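If you want the building blocks of each chain, they are given just below.
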Amino acid sequence: MDNFLLRGFLCVLVVCMLSLSARGRSDVLELRDADFDYLAPEHETLLVKFYAPWCGHCKKLAPEFESAATRLKGTVTLAKVDCTSNTETCKHYGVTGYPTLKIFRNGQESSSYDGPRSVDGIVNYMKNQAGPDSVPLQSFFSGSDSSQLAEFLKGASLMRQSFRFAHTTDLQLGSKYGVIYESVLLFRPPRLSSKFEESVVHHGGPMSITGLRRFIRDNIFGLCPHLTKENKDSLKKRDLLTAYYDLDYLHNPKGSNYWRNRVLKVASKFSSQGLMFSVANRNDFMEELEDEFGLGASDGTELPFVTIRTRTGNKYTMREEFTRDGKSLESFLEDYFAGRLKRYVKSEPVPAKNNGPVKVVVADTFEQIVNDPEKDVLIEFYAPWCGHCKKLEPKYTELGEQLYSDPNIVIAKMDATANDVPQGYDVQGFPTIYFAAAGRKDEPKRYEGAREVKDFIGFLKREASNPLVLNGVKEEL
């Protein structure tokens, strides 16, 4: 997360990390059913990855997790459990998808890990989990017995997974910021200082856990934060515009703020309309830009790429060049708020032939096939690498064959890794199956039953708009 300083006082510290060379020996502790219960308690703070060897997300996480373990050695221990061979441990801790990350303290499950999954993100997040909830400074609370300090420390304990906290009992330290009584201040990092917003924000609300949460939520990011791999999950919970360019605050802070100031100038005109703004290093997000927005190296330019992603998953790209006077960005935003922009949709090519028992759906044909108002549609969202999906495939194909002659129902599937999943379909794991009934396409129903052919048929008999035609024979009502 972009590191903001909250003194009062609440403090989100900047943590700078140096990459370490890879080592031959793994620093990730491997735990099994036979030893989990007695090895886990030996570690004050333990981050455990529950995984399956065939899981694509697990394979992607593995090198990041390994590097983080090396950098956290001596501070926090990272461990892993293979759930395909250690089923008892995974069942005991309620693991149902992979990878699942959980934090343990002295052998007891403390919380689920919901932080970033990059090396820096894991390191920063877990360092916040180690040590005290709030660090006392050398010497802006009135004293150590202050009731407001006690409330602050409760909030620090609850929010430590996202922020680093600090406090002081010497009110004189805050005099140059106009502090005359117990206060919480948010200090924005100097590199993000601008004339468009205050560098120091005073908390004027109640000194309560709820009040502190609201203060942090409303002010931590400012008008135009620096989007990083570590804070992207928090920022992307909002409607977000991002300008991607050669941003480098370490080696070129002045140049980095050149384009940010132009974004800020335009953002200040639209800040009340519910859209958040950010800037990011293009190279850090090139894979995402290519995969999610169709922007790549072939579009190479020194000018920023500009995208909008809404909370509901709608995506837009600014195709005009980012002019230095900001007029093109302003025009882009006017079109966005007026509803004149065409959404960008990631889609595989439309299949040349699609006559099999299971219809292949891509994003560009979703409306035509799944949202056909005359058809009931059962659709599986899958990933090519998913072991559960591969196990389901022959049964799902058999289901499609049995219903092939039914004119009122479609058995379909879509690769959710290569196509954008439409709004209304919550796909967090694979396979995920939904039923979209004829005439009720805005109310897709998630299938939660067993995955044998007879179970699917039983479900469809209950939910289908018309009696099923199984193997050419129409079912009686």
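Our subject in this report is the structure included herewith. (Residues numbered from 1 in each chain as written. Predicted model: local features only at pLDDT ≥ 70, side-chain atom pairs only at ≥ 80, totals over all residues. Heavy atoms only, no water.)

## Thoughts on the overall build of the protein
- Secondary structure summary: the protein contains 13 helices and 22 strands in total.
- Taking all 477 residues of the protein together, the buried fraction comes to 48%.
- When the accessible surface of the protein is totalled, it reaches about 24,100 Å², and 47% of it is carbon and sulfur. (Helix = DSSP H or I, 4+ residues; strand = E, 2+ residues; numbered from the N terminus. Buried < 20%, exposed > 50% of the residue type's maximum accessible area, 1.4 Å probe, protein only. Areas by Shrake-Rupley, 256 points an atom, 1.4 Å probe, with all protein chains shown as cover.)

## As for the packing of helix α12 (residues 387-402) against helix α13 (residues 453-463)
- Relative to each other, α12 and α13 sit at 45°, their axes nearing to 9 Å. Judged by the inter-axis angle, α12 sits oblique to α13. Relative to α13, the crossing made by α12 is right-handed. In contact with L392, K395, E398, L399 and Q402 of α12, α13 contributes V453, F456, I457 and L460. (Axes fitted to C-alpha atoms, helices over the stretch in contact; angles between N-to-C directions. Parallel < 35°, antiparallel > 145°, perpendicular 65-115°, else oblique. Left-handed = near helix turned anticlockwise from the far one by under 90°. Contact = heavy atoms within 4.5 Å.)

## Brief notes about the packing of aromatic side chains
- Per the counting criterion, the structure on display carries 21 aromatic pairs.
- An angle of 85° between the planes, with centres 5.8 Å apart, marks the rings of W385 and F430 as edge-to-face. Taken together, the residues W385 in the loop between β17 (376-382) and α12 and F430 in the loop between β18 (409-415) and β19 (432-436) connect sequence positions 45 residues apart.
- W385 gets classed as partly exposed once you look at its relative accessible area, which sits at 27%.
- Among the aromatic residues, those joined into a ring-pair cluster are Y396, F435, Y447, F456 and F459.
- One Lys or Arg, R262, reaches over the ring of Y258 and ends 3.7 Å from the middle of that ring.
- Directly above the ring of Y382 sits K413, whose terminal nitrogen or CZ lies 5.7 Å from the centroid. (Phe/Tyr/Trp six-rings, centres within 6.5 Å; stacked < 30°, edge-to-face > 60°. Lys NZ or Arg CZ within 6 Å of the ring centre and 35° of its normal.)

## Digging into the nonpolar core
- One finds L241, F277, L329 and L333 to be the most contacted residues of the largest nonpolar core, which totals 27 residues.
- Of all elements in the fold, only β12 (240-245), α8 (253-270), β13 (276-281), β14 (305-309) and α10 (327-337) reach the threshold of two or more residues within this core.
- Counting residues per element, this core draws most heavily on α8, which supplies six residues. (Core = buried A, V, L, I, M, F, W, Y, C linked by side-chain atoms within 4.5 Å.)

## With respect to the pattern of salt bridges
- This structure, assessed with the given rule, holds 17 salt bridges.
- Its salt-bridge partner being K269, residue E330 comes within 3.3 Å of it at the nearest N-O pair. Of this pair, E330 sits in helix α10 while K269 sits in helix α8, placing them 61 residues apart in sequence.
- On the basis of relative accessibility, which here comes to 46%, the residue K269 falls in the partly exposed class.
- Among the ionic pairs, E448 bridges to R446, the shortest N-O distance being 3.6 Å.
- Salt bridges here are not isolated pairs; linked through shared partners, they connect D291, E292, K315, K346 and D420. (Salt bridge = Lys/Arg side-chain N within 4 Å of Asp/Glu carboxyl O.)

## So, the pairing of β14
- Summarising burial for β14: five of the five residues are buried, a large majority.
- Side chains F305, T307 and R309 of β14 all project onto a buried face; the interleaved residues V306 and I308 project onto the opposite face, where all are buried too.
- Looking at chain direction, β12 and β14 are connected through five bridges and run antiparallel. Across the sheet, T242 pairs through a bridge with T307, a residue of β14. (Pairing = 2+ DSSP bridges.)

## Focus on the sheet that holds strand β2 (residues 29-30)
- Reading across the sheet, the five strands line up as β2-β4-β3-β5-β6 and stay open at both edges, with mixed pairing between neighbours. Pairing within the sheet leaves two strands with one partner each, and these edge strands are β2 and β6 (108-112).
- Strands in contact with helix α2 (residues 56-71) are β3 (45-51), β4 (77-82) and β5 (100-105); relative to β3, the strand with the most contacts, it is inclined by about 160°.

## What about the state of the cysteines?
- Per the counting criterion, the structure on display carries one disulfide.
- Paired through a disulfide, C83 and C90 show a sulfur-sulfur distance of 2.0 Å. Disulfide C83 to C90: torsion about the S-S bond roughly -90°, handedness left-handed. (Disulfide = S-S within 2.5 Å.)

## Topic: helix α9 (residues 286-293)
- Listed in full, the buried residues belonging to α9 are M286, E288, L289, E292 and F293. All buried residues of α9 lie within an arc of 160° about the axis, which places them on one face of the element.
- Contact partners of the buried residues in α9: α7 (232-235), β12, β14 and β15 (315-317).
- Once α9 finishes, G294 follows within two positions and takes phi at roughly 70°, a positive value. (Arc of directions from axis to C-beta.)

## Section: the sheet that holds β12
- Spatially, five strands are ordered β11-β13-β12-β14-β15 in an open sheet, and the strand pairing comes out mixed. With one partner strand each, in any of the chains shown, β11 (226-227) and β15 form the two edges of the open sheet.
- Sheet topology places β12 next to β13; six bridges connect them, and they run parallel. From the neighbouring strand, L240 faces β13, where its bridge partner is M276.
- Strand contacts of α8: β12 and β13, with the helix running at about 170° to β13, the strand carrying the most contacts.
- Across the sheet, α9 is in contact with β12, β14 and β15; its angle to β14 comes to roughly 60°.

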